[in-house]
Amino acid sequence: MTLEEYISVHSTPENEVLESITRDTYVHILNPHMLSGHVQGRVLSMISHMIRPKHILELGTFTGYSALCLAEGLAEGGELTTIEHNDELEETIRRNLERSPLGGRIRLIIGDAAEVISRPMSDVSSRMYDLVFIDADKREYCTYIDAVYPLVPVGGFILADNTLWDGHIIDPAYDKDKQTLGLRAFNEKIKEDDRFEQVILPLRDGLTIIRKVR
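In this report, we go over the structure that sits alongside the text.

### A few points about the pairing of strand 7 (residues 207–212)
As judged from the five bridges shared by strand 5 (residues 157–161) and strand 7, these two strands associate in the antiparallel manner. Within strand 7, the position partnered with Ile158 by the bridge is Ile210. Of the pairings in the sheet, the one linking strand 6 (residues 196–201) to strand 7 comprises six bridges and is antiparallel in character. When the bridges of strand 7 are listed, Phe196 appears paired with Lys212. In textbook terms, the turn of a hairpin is the stretch between consecutive antiparallel strands, and for strand 6 and strand 7 this stretch comprises five residues, one of which, Arg204, has a positive phi near 55 degrees.

### Thoughts on the sheet that holds strand 6
Here seven strands make up an open sheet; going across it, the order is 3-2-1-4-5-7-6 and the pairing mixed. Strand pairing shows two members of the sheet lacking a second neighbour, strand 3 (106–110) and strand 6, which therefore form its edges. The average undirected angle you get between the axes of adjacent strands in this sheet is 15 degrees. The sheet strands contacting helix 8 (residues 178–192) are strand 5, strand 6 and strand 7, and the helix crosses strand 6 at an angle near 135 degrees.

### Details of the pattern of salt bridges
In the structure shown here, the tally under the stated rule is 16 salt bridges. Put simply, Arg127 and Glu79 hold a salt bridge, and the shortest N to O gap is 2.8 Å. Of this pair, Arg127 sits in the loop between helix 6 (113–118) and strand 4 (131–134) while Glu79 is found in strand 2 (residues 79–84), placing the two residues 48 residues apart along the sequence. Residue classification places Glu79 among the partly exposed positions, given a relative accessible area of 23%. Measuring nitrogen to oxygen at the nearest pair gives 4.0 Å for the salt bridge that ties Glu91 to Arg95. Pair noted here: Glu91 and Arg95 are both in helix 5 (residues 90–98), with a separation of four residues, about one helical turn. For Glu91, a relative accessible area of 60% gives the class exposed. Taking relative accessible area as the criterion, Arg95 reaches 39% and is therefore assigned partly exposed.

### Some words on the packing of helix 7 (residues 141–148) against helix 8
It is the contact of helix 7 with helix 8, at a shortest axis distance of 8 Å, that shows an interaxial angle of 40 degrees. As far as their axial angle goes, helix 8 and helix 7 are oblique. Together, Tyr141, Cys142, Ile145 and Asp146 of helix 7 and Gly182, Leu183, Ala185, Phe186, Lys189 and Ile190 of helix 8 make up the contact between the two elements. Counted by class, the contact of helix 7 with helix 8 contains seven nonpolar, one polar and two charged residues.

### Some points on unusual backbone geometry
Backbone geometry at Asn162 places phi at a positive 65 degrees, although glycine is not the residue there. Mapping Asn162 onto the fold places it in the loop between strand 5 and helix 8.

### What about the environment of Ile83?
With respect to the helices and strands, the residue Ile83 is situated in strand 2. Under the relative-accessibility criterion, Ile83 is labelled buried at 2%. Sequence separation between Ile83 and Arg107 is 24 residues, and the spatial gap between their C-alpha atoms is 8.5 Å.

### As for the nonpolar core
The biggest cluster of nonpolar side chains holds 30 residues, and the ones touching the most others in it are Leu57, Leu59, Ile145 and Ile158. Put simply, the parts of the chain that give this core at least two residues each are strand 1 (55–59), helix 6, strand 4, helix 7, strand 5 and helix 8. With five residues, helix 7 is the largest single contributor of residues to this core. With near-sequence residues (within four places) excluded, Ile145 lies in contact with Ile134, Ile158, Phe186, Lys189, Ile190, Phe196 and Ile210. One finds Leu44, Leu70, Leu74 and Leu203 within the second-largest nonpolar core, a separate group that totals 27 residues.

Rules of the game
- Residues numbered from 1 in each chain as written.
- Predicted model: local features only at pLDDT ≥ 70, side-chain atom pairs only at ≥ 80, totals over all residues.
- Heavy atoms only, no water.
- Pairing = 2+ DSSP bridges.
- Helix = DSSP H or I, 4+ residues; strand = E, 2+ residues; numbered from the N terminus.
- Axes fitted to C-alpha atoms, helices over the stretch in contact; angles between N-to-C directions.
- Contact = heavy atoms within 4.5 Å.
- Salt bridge = Lys/Arg side-chain N within 4 Å of Asp/Glu carboxyl O.
- Buried < 20%, exposed > 50% of the residue type's maximum accessible area, 1.4 Å probe, protein only.
- Parallel < 35°, antiparallel > 145°, perpendicular 65-115°, else oblique.
- Nonpolar A, V, L, I, M, F, W, Y, C, P; charged D, E, K, R; others polar.
- Core = buried A, V, L, I, M, F, W, Y, C linked by side-chain atoms within 4.5 Å.

Quick look at the structure:
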């Protein structure tokens, strides 16, 4: 048994809906490794339960797995808004959300995350979010953090996925890769910005927990 397998076995199992979404994603969808997966899904759920957010904003949901995990910790009457750029996944996402009793608390918007957030006085940009999960275009993470900053109250949390990028983040062989460069710029931006406190967890592909302090 590998250490990764040990961690999975000793973590709360995913429910039947999530297990089904995992199986169907790996059978029918290209690049299924983009799915958050069991252990990261449990981490997202745990963080959400700790915060008990009234409103969650997710940038990039792939097939809906991460949205359902985050929604588990919503406060009573709370809602999660997720923005997914890939319109070819819309039918799959909606079908997956409908499988869960939490699906009715998740609102899906198909579009470019940065563009949707920047629409003035829209129903997305006119509310505050206790928790934001960034998992969209890696080249645009710096744009996303600037866009969501005014939508998060002081003391609110932002999670950023893939911030170690399979180790590419420190590999000179990827010095010209645009996604790697985008993530490097994001990590440096957060490190130098005293509006935030942050820690990178070596979970899966890297998960940064960020707290807005001013």
